[in-house]
Each structure stands twice: as C-alpha cells, then as structure tokens.
Amino acid sequence: MVHASSSWRFRLQEIPPRLLRNRCFNTYTCPYTPISSQTIVSASSYLSRTTDNDQYFDHVLESCVTAQQCQQLHAQALLSDLIYRSGSSSLPAKLVSVYTRFGLLHDARNVFDTVPLVLYSDLRLWNSILKSNVSHGRHEDALELYDAMRGRGLTGDGFILPLILRACRYSGRFGSCRGFHSLVIQIGLLENLYVVNELLTLYPKAGRLGDAYKLFVEMPVRNRISWNVMISGFSHGHDCEGAVRVFEWMQCEEFVPDEVTWTSVLSCHSQCGKFEDVIKYFDVMRRMSVNVVSGEALAVFFSVCAELGAFSTAEKVHGFVVKGGFEEFLPSRNALTYVYGKQGRVKEAERLFRQIRNKGIESWNALITSFVDAGKLDEALSLFTELEEMNEFCKVKANVVTWTSIIKGCNVQGRGDDSLEYFRRMQFSKVLSNSVTICCILSICAELPALNLGKEIHGHVIRTSMSDNILVQNALVNMYSKCGSLSEGNLVFEAIRDKDLISWNSIIKGYGMHGFGEKALSMFDRMIKSGLRPDGIALVAVLSACSHAGLVEKGREIFSSMNKRFGIEPQQEHYACIVDLLGRVGFLKEASEIVKSMPMKPNVCVLGALLNSCRMHKDMDIAESAASQLFDLEPEKTGSYMLLSNTYSASGRWEESAKVRALAKKKDLKKLCGSSSIELKKKVYKFSSGSSVQSEFASVYPVLEELVSHMCKKGPTHDRNIYEDDHDYGQHNR
C-alpha cells in the first residue's frame, strides 16, 4: 500500500521514536551492532543543515556492516523526513539495495511500497526492487512488479529489461520472448549487449532457435558472451551443425573460444551421440591452450570415454588431470571414477572414490552406477549398504538415482523379485520415483508377468502426475501387452498424444505375440499413414506377428520390400522371422534357400528357427545341416543338442536322439529347467519341469493332463508327437 507524504508525517508525530523501528521493520535475529551514538548524532545534525543529503546517506549506507545499522539510518531518514524533502529516488533505491544485501527482502519491499507516489516514475527505484527480487530467486514477484511498472506507463531501460528477461527464463515464461523482442526494438535497445544477450538466452528455451539465430545475425555488435550464448542455445537444442557453424564463424571473427565455449561444443556433441567428435574436439582444445580446459569439459570427456569404452584414452587424460590440478574438481573426479568402475576395475575406482574428501551423493552414484553397468552387482549392493549405514552419521542419503540404479541392476541380473523389494524399500524411505524408476519396474512386471502389480504401478503413475510422460506411457503399453491385457494396453496407447516409434512398436508386438496378426498389420499401416517411418525393430515386430498368425503372403511381401520401401537392409533378426514364418507352415526348402542366400553368416537365431521348423515337420536332411552349423557356433550350449534330439524323436529315430543326449551329457551340459507362472488373487504361482508336485498344485495337474490330451487330439500331428516323445523320454529316464 502506497502512503502519501502527509500521512507519513502524521504517523511520525504519532509514534514515539523508540517504537518507530519496531513498527516499521521486521525484527532481525543477528547480534545487535549499533552505529555509535556519535555517528547518529552527527548524521542527524548534518541532515538538519545540509542540502547534499543523498550523497552523504549513500556513503553511510555503504559503510553498514549489519542489518541493524541500516535500520537505524533508515529510522533517522524517516525522522528527518529526508525521503519526502529530497524528492529523489536515490535514497530509497539505496535503502532497497542495502536491505537486499542483508537478505531483508521484506524490509526492502516496505521501503519501496512507502515512498511518495511521485517517485514511482523514476526507473532507478524500479531497478532496485526488481534486482532485489531477481537476485534472490523471487522471479514471479519480479514479473508482478514489472506488470505494475508497465501499468504506470513505464517500459524499462537497459538495466531493467535484462532483469525481466532473466526472470522470464527462470520462471518458465518462455512464450513472452517475441513480445519483449518487439519492445526492445521500439525503445531502441537492439545495440545494448546486455539486453540482446538475455534475449538470445531466452529464445532457445522457448524452442525458437531460428528466431535466436536471426537475432544473432542481425546484431551490429557481439561480444564473447553473445557467441557463447548462441553456441549454448544450439547445444541445448541438440543441433550440432548449428553449434559448429557458429563456433567456426566465431573464430573467423577473431574471437578466441574460452572454457565456456569449449564446454558447450563438447556437451552438444555428447548429447547428440557424436562421441568420436567429442574426443576430436577435446584434443583440439588441449592443443590450442591448456588454460581453456575446465572441469566441466573433463567431466563430459570422461563420460564419453565410458560410453565408447575408450579406457586407454581416459587413462592418458587422467595423467593430464593430475598434472593440471583438476583432481579436486568434483564433476571430473566423479566422471573418472565412473570410467574405471564401468571398466570393471573395482580397486582403481574405489581408490579414486575414497580419495574424495567431501563425498556428495553424486560421488556415491557415480561408483554405484558404474558397478551396475559393469555387471558388478554384488559390489554395487555392498556400496549401497555402506551408504545406507552412513545415513545415521552424515547428511548424505540415497536419492532416486541411487535407488533406480540398484533396481535396474537387480533386474538386468534376472533378480526381478529383489528389484521389487528395493522398490518397496525406496517408497518406505519416502524417495519419490521418477520416470526411469517406473519404466524399470513396469519392465519387471512385464517379464514376470505380474499384471496386478503393474496396475498398482499404473495407479501410482496417475497419482504422481506422470500419465503424460511418453516413456512411462510406452512402458505401460508394453507391460499390459506382455501380460495379455491387450484392451488396457490399447487404451493407454490411444491416450498417447504424440506417439513415437516405441509406442507403435510396443502395441504391434503386443498384438503379434498373442496371435492377433491382422490387428498388428492394421496398426503397422496406421503408423505409416501417421507419417512415421518404421525402423528395424518395427519390422521385426510385424514379421513376428505374421509368423504367429500364419500370414505367409503378407510376411513375404513386407520382407521383400524392406529395402525398396523403407530403406532398411534385412538383418539377422529379420531373417530369423521370415525363416520361422515359412518353416511353421512347412515351406522348409524356401526357408533353407533364404538362409543359404543370406549376405552374412546366419547366427544362432536363424539356424534355431530353421531347426525348430525341421522338428515340427520331421525333415532330417535340412535339420542335420542346420544342427551342424549350430554346433560350430555354440558347441557348449545345451539348447542346440536338445533341439536336435527332439527332432530325431519326432521322426521316430530314437537311437540317434539318445546319442545326441548322451553327447550332451558327456560334455557335462545341463538343460535349464523350463518354467511358467500364473498370477491368481495377487499371488504368483510358478511351475517348473522336474519339480516335485506341491500339495496346493495337486489338483492342477489332472486338469493340465486333460487339456494336453485334448490339444493332442485337436492340434497338428507334429505337436502331439513331440509332446508324446518328451513324455516317453521322461518316463524312460525316471
């Protein structure tokens, strides 16, 4: 509320001096450090007989070392009515600035709100209060004040507009950049570097890189900040070509890149997946000058080395880090720890980690994540346990990155139950999960499968407002599809606004794996009509759908047109799908010819699909040839031997079948027990071959035998025979 000067005079007469300070200002809790009485008396007497009060008060306010001193001087100014007699905004602006320096934003705002109305036309006052709010992160308050300023007919100047543009950037009001651009042109500030550089920074945040570049080109004058801002804008927009173009132009204009420039260039290429270029630019940077190498640049470089597996390169630069004194820079040390950990060099990684004096959670995460990525789950769990035990003695606590790494590590190692247990512990620890955590848990639900748990996670997604996250939506589609709940999966899929390739691939694969080939093909056609070009994974999904549904002609058509229509050369997985498709319906010769004509050597998947088809149709000539190639590729894998043995059994050649199994036994190859599971009333029941019949399952097996008997009577002959062969072989070996 703004008070006129007359009301303030009335209040000053009414309020005793000893209560003035308590009534006008907040109580401050720091130790009371008064200005000496001599200083106050001299200031009071000086104010009563001089006209140069503003300059004197500026000097005294600058000398304040505590908030109380500032408040005492403010009280003297109020008692002497200096603010109203001077008619200048210099003193209140200075008071706002000093209060801001001590963090007393409320007192600063009180000064601003209680000045005479006439002073609100002075931009110095507005600049002081806007700077007060922006410098302390109160960006929304700053924007509200600016709206009030505009309401008084003021537009701002070269000091105010950079503050407002910065407030827009930090508060997420990116859409206002074009309006401010027009205002800058209207008031003639296009040549003001401070204003234009802030505008350049705001444009990329709004996704308007083109407008930012146009503004940059039209700038009559540029400094190094301008170049760095533009390169950084292209970096955040993942536009490597634009960043390099500006980077090279900068050097042509004889501006020498500094550490900010190089870090932006390296980060841009890293984010775009151009890791080799990061190595190249880092070498150029080191050759140009050692002084421009920053800790941030080293962190980017070591992260890229970890991705590429370029451990020898990282070791060489490690020596440079030691010589250059960058060892104490935490981001580069963390990245270097991750490099050694991911390589599986546990001792070196732990040594680097233990040398860090003040370990933050980022350091713990670097080592734990590196162990997880290297497959060293036991070491990661041991370190995680150590971190949990330290919670009682220090403030470092596992965050969402830590928990997600452990959950992911257990899942990758096939320990899905442990992953779920850690997820429950994470919730009890009151650590909020993010989209990566949820995607990992949904993947586990899909593999188990655990539909009810997946639905609970879906409810959690809705409650935590992650329903519009494309990663989570795709994971939900995948989970519902693999769990057989295609209707729920389709509902989630249709709710996705901007469907990407993963969305389409998930739903196509879901329909295909459950035998809905026509529906999968329909989705494939919808994807193409939507403007998305299928990738290799999409073609695997649709070919697999054709195979499961027996859609031979459609599968042939898609396979033969892959290169011509979609520009994709068939790979091993595509050949495996077409061989499986043809083999299932008995076109073994055609499938065999495709295998022989492959431009690359067939792998285990292709040969396994062909051998399985031979088993189904009892074609031993092609089977023995495929098995021979399989044994060359995987001489120590049990699956190839069992598949050939079953093929002999299906053809009634029991002696050869026994010889193959005896050979596998001689090599000490053991077949992994097959298993399946079913979820009933929120409990998962697991069935394993060779396991003893549990009492709760006893009633299940008679029903199962009846179903198998019914399938043998109604299904294809080869299915019945192979079941009987396996059953007889099992009876024979009991």
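Residues numbered from 1 in each chain as written. Predicted model: local features only at pLDDT ≥ 70, side-chain atom pairs only at ≥ 80, totals over all residues. Heavy atoms only, no water.

A word on the overall build of the protein chain
Rule in force here: Secondary structure is summarised from DSSP: a helix means a run of H or I of at least four residues, a strand means a run of E of at least two, and numbering begins at the N terminus for each. Under the scheme applied here, a residue whose accessible area is under 20% of the maximum for its type counts as buried, over 50% as exposed, and between as partly exposed, the area being computed with a 1.4 Å probe on protein chains only. Whether two residues touch is decided by their heavy atoms; if any such pair falls within 4.5 Å, the residues are in contact. Each accessible area is a Shrake-Rupley estimate made with a 1.4 Å probe; only the visible protein chains count as cover when residues are assessed.
For the protein chain, the count of helices and strands is 43 helices and two strands. For the protein chain, buried positions account for 47% of its 734 residues. Counting only contacts in the protein chain whose residues sit at least 6 apart along the sequence, the fraction spanning at least 24 positions is 61%. With the model as given, the accessible surface of the protein chain reaches about 37,600 Å², and the carbon-plus-sulfur share is 52%.

Considering the side chain of asparagine 365
Among the secondary structure elements, asparagine 365 is positioned in helix H23 (residues 361-373). If sequence neighbours within four positions are ignored, asparagine 365 has contacts with Ser370, Asn399, Val401 and Thr402.

A closer look at the pattern of salt bridges
Convention followed: The salt bridge definition used is simple: a Lys or Arg side-chain nitrogen within 4 Å of an Asp or Glu carboxyl oxygen.
Per the stated rule, a full pass over the model turns up 21 salt bridges. For the salt bridge of arginine 169 with glutamate 198, the shortest nitrogen-to-oxygen distance reads 3.0 Å. On the criterion of sequence distance, the pair formed by arginine 169 in helix H11 (residues 160-171) and glutamate 198 in helix H13 (residues 193-205) is long-range, its members being 29 residues apart. Connected through shared salt-bridge partners, Arg166, Arg169 and Glu198 make up one network.

Observations concerning the side chain of histidine 269
We count it as follows: Two N or O atoms count as a polar contact when they lie within 3.5 Å, although within protein this holds only if one can serve as hydrogen donor and the other as acceptor, and sequence-adjacent residues are included solely when both atoms are side-chain atoms.
Here histidine 269 shows up in helix H17 (residues 259-271). We classify histidine 269 as buried; its relative accessible area is 3%. In terms of polar contacts, histidine 269 uses its side chain to reach the backbone carbonyl oxygen of valine 265, at 2.9 Å. The residues contacting histidine 269, other than those within four sequence positions of it, are Cys240, Val244, Lys274, Phe275, Asp277, Val278 and Tyr281.

Quick look at the confidence of the model for the protein chain
Test applied: For every residue, the predictor states its confidence as a pLDDT score lying anywhere from 0 to 100.
Averaged over every residue, the pLDDT of the protein chain is 82; the share at 70 or more is 85%. In this model residues 717-734 is a low-confidence stretch, pLDDT under 50, and it forms 14 contacts with partners more than four residues away in sequence or in other chains.

Notes on the environment of glycine 608
Structurally, glycine 608 is set in helix H38 (residues 604-617). Residues glycine 608 and leucine 644 lie 36 residues apart in sequence; the distance between their C-alpha atoms is 9.8 Å. Ignoring anything within four residues of it in the chain, the contact list for glycine 608 reads Leu630 and Leu643.

Examining helix H18 (residues 275-288)
Let me state the cut-off plainly: Expected span of a helix: the number of residues minus one, times 1.5 Å.
With 14 residues, H18 should cover 20 Å at 1.5 Å per step; its first-to-last C-alpha distance of 20 Å lies within 8% of that length. Within the sequence span of H18, burial applies to Val278, Ile279, Tyr281, Phe282 and Met285. Buried residues belonging to H18 abut helix H16 (240-252), H17, helix H19 (295-308) and helix H20 (311-324).

A closer look at the packing of helix H27 (residues 435-447) against helix H29 (residues 470-482)
Short version of the rule: Only the contacting stretch of a helix is used when fitting its axis, a line to C-alpha atoms as for every element, and angles between N-to-C directions run 0 to 180 degrees. Under this scheme an angle from 65 to 115 degrees is roughly perpendicular, one under 35 degrees roughly parallel, and one over 145 degrees roughly antiparallel; angles in between are oblique. By the convention adopted, Pro, Cys, Tyr, Trp, Phe, Met, Ile, Leu, Val and Ala count as nonpolar, Lys, Arg, Asp and Glu as charged, and the other residues, Gly among them, as polar.
Between H27 and H29, the least distance of the axes is 8 Å, while the angle of their chain directions is 10°. By the criterion of interaxial angle, the relationship of H27 to H29 is roughly parallel. Contact with H27, carried on its side by Ser435, Ile438, Cys439, Leu442, Cys445, Ala446 and Glu447, involves Leu471, Val472, Ala475, Leu476, Asn478, Met479 and Lys482 of H29 and no other residues of that element. Tallied by class, the residues present in the contact of H27 with H29 amount to ten nonpolar, two polar and two charged.

Comments concerning the state of the cysteines
Short version of the rule: Whenever a pair of cysteine sulfur atoms sits within 2.5 Å, that pair is classed as a disulfide.
Counted by the stated rule, this structure contains zero disulfides. Free of any disulfide, cysteine 64 has its nearest neighbouring cysteine sulfur in cysteine 70, separated by 5.3 Å. By relative accessible area, cysteine 64 is classed as buried at 3%.

A look at the packing of aromatic side chains
The condition that has to hold: Between the rings of Phe, Tyr and Trp (Trp by its six-membered ring), a pair exists once the centres lie within 6.5 Å; its type follows the angle of the planes, with under 30 degrees stacked, over 60 edge-to-face, and the other angles tilted. Only when the NZ atom of a Lys or the CZ atom of an Arg is both within 6 Å of the ring centre and within 35 degrees of the ring normal do we say a charge sits over the ring.
A complete count under the given rule lists 20 aromatic pairs for this structure. A ring pair is formed by tryptophan 227 and phenylalanine 255, whose centres lie 5.8 Å apart and whose planes are at 45°; its orientation type is tilted. Of this pair, tryptophan 227 sits in helix H15 (residues 224-236) while phenylalanine 255 sits in the loop between H16 and H17, and the two are 28 residues apart along the sequence. Judged by its relative accessible area of 0%, tryptophan 227 falls in the buried class. The class of phenylalanine 255 is partly exposed, set by a relative accessible area of 23%. Taken together through their ring pairs, the aromatic side chains of Phe216, Trp227, Trp249 and Phe255 make up a single cluster. The ring of tyrosine 170 is capped by arginine 169, whose NZ or CZ atom sits 4.9 Å from the centre of that ring. Lying over the aromatic face of tyrosine 213, arginine 245 brings its terminal NZ or CZ to 5.1 Å of the ring centre.

Observations concerning unusual backbone geometry
Most of the time, phi is negative for any residue but glycine, and the peptide bond is trans. Within the chain, histidine 238 stands out as a residue other than glycine whose phi angle is a positive 55°. The residue histidine 238 is located in the loop between H15 and H16 in this model. Although it is not a glycine, lysine 618 adopts a positive phi angle of roughly 60°. Tracing the chain through its elements places lysine 618 in the loop between H38 and helix H39 (620-633). For lysine 618, a relative accessible area of 36% puts it in the partly exposed group.

A word on H11
With twelve residues, H11 ought to run about 16 Å at 1.5 Å a step, and its terminal C-alpha atoms sit 17 Å apart, in line with that. By the criterion of burial, H11 is predominantly enclosed, with nine of the twelve residues buried. Here H11 has its buried residues at Ile160, Leu161, Pro162, Leu163, Ile164, Leu165, Ala167, Cys168 and Arg169. Contacts from the buried residues of H11 go to helix H9 (123-135), helix H10 (139-151), helix H12 (177-186) and H13. Trailing H11 by a residue or two, glycine 172 shows a phi angle of about 80°, which is positive.

Considerations on the packing of H19 against H20
We apply this condition: Take the far helix as your reference; a near helix turned counterclockwise from it by less than a right angle gives a left-handed crossing, and one turned clockwise gives a right-handed crossing.
One can describe the packing of H19 onto H20 by two numbers: an axis separation of 10 Å at closest approach and a directional angle of 160°. Judged by the inter-axis angle, H19 sits roughly antiparallel to H20. Along this stretch, H19 crosses H20, giving a crossing that reads as left-handed. On H20, the residues touching Leu298, Phe301, Phe302 and Cys305 of H19 are Thr313, Ala314, Val317, His318, Phe320 and Val321.

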